[in-house]
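What follows is the residue order along each chain.
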Amino acid sequence: MDLEAVHTFVAVAEAGQFQKAAADLSITQQAVSKRIAALERDLGVRLFTRTPRGAEPTIDGQAFLPHARELMRAAERAVASVRTGRRPLRVDVIASRGAAAGLMRGFHRAHPGIELDVLMLLDIEPAVTAIRSGAIDASFRAVAAPGRPLPEDIESVRVLDEPLQLLTGPAHALAGARSVTVAELAGHRIWIPGLVPGSEWAAYYDDLVAEFGLTIESTGPNFGSDALLDTVADTPALATFMGEHTRLIWPAGHGLRRIPVTDPTPVYPHSLLWHRDNPHPALSALRAHLAATAPGHDAAGTWTPDWVIPR
């Protein structure tokens, strides 16, 4: 169905005259007549009755009018959804309780007038593909994973170094410590289910293990953070790593402990990725906000893998 013809039909119905509708649309009256005639052929009905006062919708025209108006509203929404600055900024934060989600909450508080679509993609490859296709505007990732350079059209900036903490149950051997050194973790079982081989976070933990001789187990299915917390709380021999900015809620009876890791403190490097040609004005606002609020990187006493590029 020709949307211009539908638009013309609505204009004639509202103006009550072909001539006035033509003036409103800045086209000739002949063009209006041709569009209406073509629409009537498509629909197989007559839409207007000519009267001394102009044009009145027939019974079929009256039935079609509300649907025609809805078609025009839908067309306007479709155009607005892709018009720069009119659609929401779409950002991938990986996990709803993670540090990246916290950064986006801070941005929303600072810029409540900017509409956001926040979503979660599992791995960097679909995230980069979505950025390049325009499906999303930006993604928070660890950049760059070894052997997986970013495409030339993808920009990145490091926005947050998040310290890791040790999470234990109340009966764990380290549960009473105010802090633990990396060396003290050697020999303890650290369980991180769901490490995906080839992912940036798996690469991070592989380097952490190699650097400090730790034992990280990723066996078993990943049933989510609630199941992880339940297991750590009930298993004295198990602990896990958790980002300092990760929001966690657990039952009071779990008695879980969050213990800072020091000498050095492993930090997880969060970066923002976006397409260099993305014109969305809210993306510039997000980058400016993160630049203004992000702390420095590679602070003394911290550790990140060699492949993490400070930017």
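Since the structure is predicted, the reported quantities are computational estimates derived from the model, not experimental observations. (Residues numbered from 1 in each chain as written. Predicted model: local features only at pLDDT ≥ 70, side-chain atom pairs only at ≥ 80, totals over all residues. Heavy atoms only, no water.)

## Regarding the pattern of salt bridges
Turning to step 1, where the next piece is worked out: Per the counting criterion, the structure on display carries 14 salt bridges.
Turning to step 2, where the next piece is worked out: The partner of R73 in a salt bridge is E70, and the shortest N-O contact between them spans 3.0 Å. Separated by three residues within a single helix, R73 and E70 lie in helix α4 (residues 59-82), roughly one turn from each other.
Turning to step 3, where the next piece is worked out: According to the relative accessible area criterion, R73 is partly exposed, its value standing at 40%.
Turning to step 4, where the next piece is worked out: Between E155 and R276 there is a salt bridge, with the nearest N and O atoms lying 3.4 Å from each other. Taken together, the residues span a long stretch of sequence, with E155 in strand β6 (residues 154-168) and R276 in the loop between β12 (265-275) and α9 (281-293) at a distance of 121 residues. (Salt bridge = Lys/Arg side-chain N within 4 Å of Asp/Glu carboxyl O. Helix = DSSP H or I, 4+ residues; strand = E, 2+ residues; numbered from the N terminus. Buried < 20%, exposed > 50% of the residue type's maximum accessible area, 1.4 Å probe, protein only.)

## Some words on the pairing of strand β2 (residues 54-57)
Turning to step 1, where the next piece is worked out: By the bridge criterion, four bridges tie strand β1 (residues 48-51) to β2 in an arrangement that is antiparallel. What sits directly across from T51, in β2, is G54.
Turning to step 2, where the next piece is worked out: Connecting the antiparallel pair β1 and β2 is a turn made up of two residues. (Pairing = 2+ DSSP bridges.)

## As for the packing of aromatic side chains
Turning to step 1, where the next piece is worked out: Across all of its chains, the model carries eight aromatic pairs by this definition.
Turning to step 2, where the next piece is worked out: Measuring from ring centre to ring centre gives 5.3 Å for F9 and F48, while their planes differ by 50 degrees; the resulting arrangement is tilted. Residue F9 is located in helix α1 (residues 3-15), and its partner F48 is located in strand β1; the two are separated by 39 residues in the primary sequence.
Turning to step 3, where the next piece is worked out: Aromatic side chains F212 and W303 sit 5.6 Å apart centroid to centroid with 75 degrees between the ring planes, which places their arrangement in the edge-to-face category. (Phe/Tyr/Trp six-rings, centres within 6.5 Å; stacked < 30°, edge-to-face > 60°.)

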